[in-house]
Amino acid sequence: MPEKDIYPVFHKLLGRSDREALLKQKGIVIWMTGLSASGKTTLAIGLEKALYEKGLLCYVLDGDNVRTGINNNLSFSEDDRKENIRRVAEVSKLFVQCGIITINSFVSPTEDIRKLAKSIIGENDFKLVYVNTPIEVCEKRDTKGLYAKARRGEIKDFTGVNAPFEEPVKPDLEIKTDQHSFEENLKLLVDFVLPKVQV
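Residues numbered from 1 in each chain as written. Predicted model: local features only at pLDDT ≥ 70, side-chain atom pairs only at ≥ 80, totals over all residues. Heavy atoms only, no water.

### Quick word on helix H2 (residues 40–52)
Next, step 1: End to end, H2 covers 18 Å across 13 residues, agreeing with the expected 18 Å (1.5 Å per residue, within 8%).
Next, step 2: Every buried residue belonging to H2 is among Lys 40, Leu 43, Ala 44, Gly 46, Leu 47, Ala 50 and Leu 51, and all of these are buried. For H2, the angular spread of buried residues about the axis comes to 165°, placing them on one side. Within H2, the exposed residues directed more than 90 degrees away from the buried face are Lys 49 and Tyr 52.
Next, step 3: Those residues of H2 hidden inside the fold are in contact with strand E1 (28–33), strand E2 (58–62), strand E3 (101–105), strand E4 (126–132), strand E5 (173–176) and helix H8 (182–197). (Helix = DSSP H or I, 4+ residues; strand = E, 2+ residues; numbered from the N terminus. Expected span 1.5 Å × (residues − 1). Buried < 20%, exposed > 50% of the residue type's maximum accessible area, 1.4 Å probe, protein only. Arc of directions from axis to C-beta. Contact = heavy atoms within 4.5 Å.)

### Brief notes about the packing of aromatic side chains
Next, step 1: Applying the stated rule across the entire model yields five aromatic pairs.
Next, step 2: Ring centres of Trp 31 and Phe 106 lie 5.7 Å apart, and the angle between their planes is 35°; this geometry places the pair in the tilted category. Note that Trp 31 is positioned in strand E1 and Phe 106 in the loop between E3 and helix H5 (111–121), a separation of 75 residues in sequence.
Next, step 3: Judged by relative accessible area, which is 4%, Phe 106 ranks as buried.
Next, step 4: A ring pair is formed by Tyr 130 and Phe 165, whose centres lie 6.0 Å apart and whose planes are at 25°; its orientation type is stacked. Within this pair, whereas Tyr 130 is found in strand E4, its partner Phe 165 is found in the loop between helix H7 (146–151) and E5, the two being separated by 35 residues in sequence. (Phe/Tyr/Trp six-rings, centres within 6.5 Å; stacked < 30°, edge-to-face > 60°.)

### Considering the sheet that holds E4
Next, step 1: Strand order in the open sheet formed by five strands is E2-E3-E1-E4-E5, and the pairing between neighbours is parallel. The open sheet terminates on both sides in strands that have one partner only, identified here as E2 and E5. Between one strand axis and the next, the sheet turns through 20° on average, direction left out of account.
Next, step 2: In this sheet, E3 lies alongside E2 in parallel orientation, the contact comprising five bridges. Residue Leu 61 lies in a different strand from E3, and its bridge partner there is Asn 104.
Next, step 3: Across the sheet, H5 is in contact with E1 and E4; its angle to E4 comes to roughly 155°.
Next, step 4: In the packing of H8 onto the sheet, contacts are made with E1, E3, E4 and E5, and the angle to E5 comes to roughly 165°. (Pairing = 2+ DSSP bridges. Axes fitted to C-alpha atoms, helices over the stretch in contact; angles between N-to-C directions.)

Structural data, given as C-alpha cells:
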C-alpha cells in the first residue's frame, strides 16, 4: 500500500498512561543479551513468574516464539538477524505502549543491533541486561547441541564459535551466571526491575 494511503489514528487511541493506570504498573522492555545457552531465557521465565506473583502483567519474547510466528520467514544471515531484532523491537514498543512489562531474550550479538533496538523502543523504556556466561559454561549447558554442530561446521555464523559476540559496553545490569546460583541471579534481576515498573 502506498504510504500516502496510510492515515495514523494514534491520536484517537487511549494513551499509554490510561493503560498503565488500569494495570497499575509501568511498561518497560527488559532486553536480555548473551550467548546461546547463557541462561537468558531461564532467567526471563523466572522473572516473568516472580512479577506475575506480584500482580504484574509481563510477556516473554525469545527466538523460539518469534521465529515460529512473526519472523518465520527469516534466516540467520546478518541482514535477517538485523530484521529479526527490528521486528522484535517494534512489537516490544507496542507492548510497552500497552503498559506491559516485556522481557526479551535474544543473543543480539553486536552493539549496533542492540542500539537499533534501543532507538526503536526508546531510551527510557529500554533496559539492557547482559547475561554474562563464559562460552565454556554455555557449551556444557547446551542441551540442543548447537555448539557441537557449529564446531563441526554444520552451523554457519553461530555466535561465539564462528561469528562474533560483542560484549555490551554499558549494560544496565550484568549477571554472571557462573558465579552465583540461579536463585541469587533471579533475585538480582527482580530487585533491578521492580522499582522501574511499580507505580
